[in-house]
Amino acid sequence: MVTVAAAGTLLVAALASMFMAWTIGAGSSGSTPFAPAVGANAIPVMRAGFYVGLLGFLGAVLQGANVSEAVGHGLVAGTTLTSVAVIVALLTAATLVAVGVFTGYPIATAFTVTGAVVGTGLAMGGAPAWDKYAQIATLWVLVPFVGGFTSFATAYGLREIDRDALLVPALAAVVGALVANVKFVLLGPPGVGQSLAATAATAVPAVPTTLAVAGATAAVALAVAGLVRWDVVAHGDAGNRHFLLALGGLVAFSAGGSQVGLAVGPLLPLVGDSVPTTYVLVGGGLGLLVGSWTGAPRMIKALAQDYSSLGPRRSIAALIPSFAIAQAAVFFGVPVSFNEIIVSAIVGGGYAAGSAGGGVSREKMVKTVAAWVGSLALALGASYAVFAAVARLT
């Protein structure tokens, strides 16, 4: 039987989770996906905030389970977070992210939440989950190099190659192939995601599965490439902006799938099997949506204007690796910072403009990296200290 005190504590934990979801929607998942498009004058700030909220909600519900499980069960060994621990971790992380939102600096939400959950879990007497930390650290370290270099190479190619007739459709084909292999929970059996290509492969059982998936992937890639080629040839820069907006939508969807786990993951050990994970994800997705609609425009403007002066082509170059990295993180269930992904890609694309760096603000970048590292350390230390203090008082 659940006591009134236990129910009240669980309610407070759920409210802390919603607050965290709001800060994520106002910060990383809400501000980053359309920032390059806003910087390229492809979409107004307020409209970007509206669309990113809707797409982030869909991503949270359809793709949020993997990262949620990792945050809820994989960061500390030998213990399970209590309601009080969840409250301490989420409020600590949300406060730090909210400070970033209102000061205009993109605090890395994944760094902050991970640090807060680990700090609280260690204060409870749990053991470090070194294998998971190694996996997370590897991704975090690789993101700036992979995303920045890929964005630089793509943006440089768009300068040198007949982009309308060749490179932009080729990039669209890569995006189409990625989309064909993204897993959605609605396509697979209960509790298991399945991609569009794998679903199409089941329609031709006489063909080997691997060959059928490859064929379906190629068909989607060619269809997307053909559509984009027609658009950019027929409409010029307007076609490039259409492709840029589609990429922003894909990144917004991926952001919801990745970032919602940072808000609702700690709740999963508390609710167990009594509440389906999908319902928890819907609640977190609503928090992201409200945050995107009410708080994201400030950060969208900061990212679009302060880091680099991007046109449509360099914005395309920034969003393609961002989408790929985000989907890799969702697939492996690793919490990842969308601020880190997007900022690295924006800077890489900016440097492709020439020796001046395309308007990249070095001072801003130094402060941002310091904020990322500091948020991880501060969240870990603060959550550990707060939980230890609360434990002594109770």
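These numbers come from a predicted model, not from an experiment. (Residues numbered from 1 in each chain as written. Predicted model: local features only at pLDDT ≥ 70, side-chain atom pairs only at ≥ 80, totals over all residues. Heavy atoms only, no water.)

(A) Structural detail: the packing of helix α11 (residues 209–235) against helix α12 (residues 237–264). Following both chains from N to C, one finds α11 and α12 inclined at 145 degrees, their axes separated by 5 Å at the closest point. Where α11 abuts α12, its residues V228, D231, V232 and H235 lie against D237, A238, G239, N240, H242 and F243. Partitioning the contact of α11 with α12 into residue classes produces four nonpolar, four polar and two charged. (Axes fitted to C-alpha atoms, helices over the stretch in contact; angles between N-to-C directions. Helix = DSSP H or I, 4+ residues; strand = E, 2+ residues; numbered from the N terminus. Contact = heavy atoms within 4.5 Å. Nonpolar A, V, L, I, M, F, W, Y, C, P; charged D, E, K, R; others polar.)

(B) Spatial organisation of the side chain of Q327. Of note, Q327 is situated in helix α15 (residues 312–332). Note on Q327: relative accessible area 13%, which makes it buried. Separated by 3.0 Å, the side chains of Q327 and Q63 make a polar contact. (Buried < 20%, exposed > 50% of the residue type's maximum accessible area, 1.4 Å probe, protein only. Polar contact = N/O pair within 3.5 Å; in protein donor to acceptor, adjacent residues only side chain to side chain.)

(C) Inspection of helix α16 (residues 338–351) at higher detail. In a regular helix each residue adds 1.5 Å, so 14 residues correspond to 20 Å; α16 covers 20 Å between its end C-alpha atoms and thus fits that length. Counting buried residues in α16 gives 13 out of 14 residues, a clear majority hidden from the surface. Of the residues that open α16, the one with a side-chain oxygen 3.0 Å from the backbone nitrogen of E340 is S337. (Expected span 1.5 Å × (residues − 1).)

(D) The packing of aromatic side chains, seen in detail. Inspection of the entire model under this criterion finds six aromatic pairs. Judged by centre distance (5.7 Å) and plane angle (85 degrees), the ring pair of W130 and Y133 falls under edge-to-face. You can see W130 and its partner Y133 sitting in helix α8 (residues 130–160), three residues apart, about one turn around the helix. The exposed category is assigned to W130, whose relative accessible area is 61%. You can call Y133 buried: its relative accessible area is 16%. A centroid spacing of 6.2 Å and a plane angle of 15 degrees characterise the contact between F152 and Y156, whose relative ring orientation is stacked. With a gap of four residues between them, F152 and Y156 both fall in helix α8, about one helical turn apart. For Y156, a relative accessible area of 39% puts it in the partly exposed group. Taken together through their ring pairs, the aromatic side chains of F50, Y51 and W293 make up a single cluster. (Phe/Tyr/Trp six-rings, centres within 6.5 Å; stacked < 30°, edge-to-face > 60°.)

(E) Fine view of the packing of helix α5 (residues 65–73) against α12. α12 packs onto α5 with a crossing angle of 30 degrees between their chain directions and a minimal axis gap of 7 Å. Of the possible angle classes, the one that applies to α5 and α12 is roughly parallel. Crossing handedness for the pair α5 and α12: right-handed. Between α5 and α12, the contacting residues are V67, S68 and V71 on the first element and G257, S258, V260, G261, L262 and V264 on the second. Of the residues that constitute the contact of α5 with α12, the class distribution is five nonpolar, four polar and no charged. (Parallel < 35°, antiparallel > 145°, perpendicular 65-115°, else oblique. Left-handed = near helix turned anticlockwise from the far one by under 90°.)

(F) Looking closely at the nonpolar core. By size, the foremost hydrophobic cluster in this structure holds 93 residues, and its most contacted members are M20 and F243. Tallying contributions element by element places α12 first for this core, with eleven residues. With residues near it in sequence (within four places) discarded, M20 still touches L90, A93, A94, V97, T109, V113, L262 and A263. (Core = buried A, V, L, I, M, F, W, Y, C linked by side-chain atoms within 4.5 Å.)

Honestly, it's all geometry; don't read function into it.
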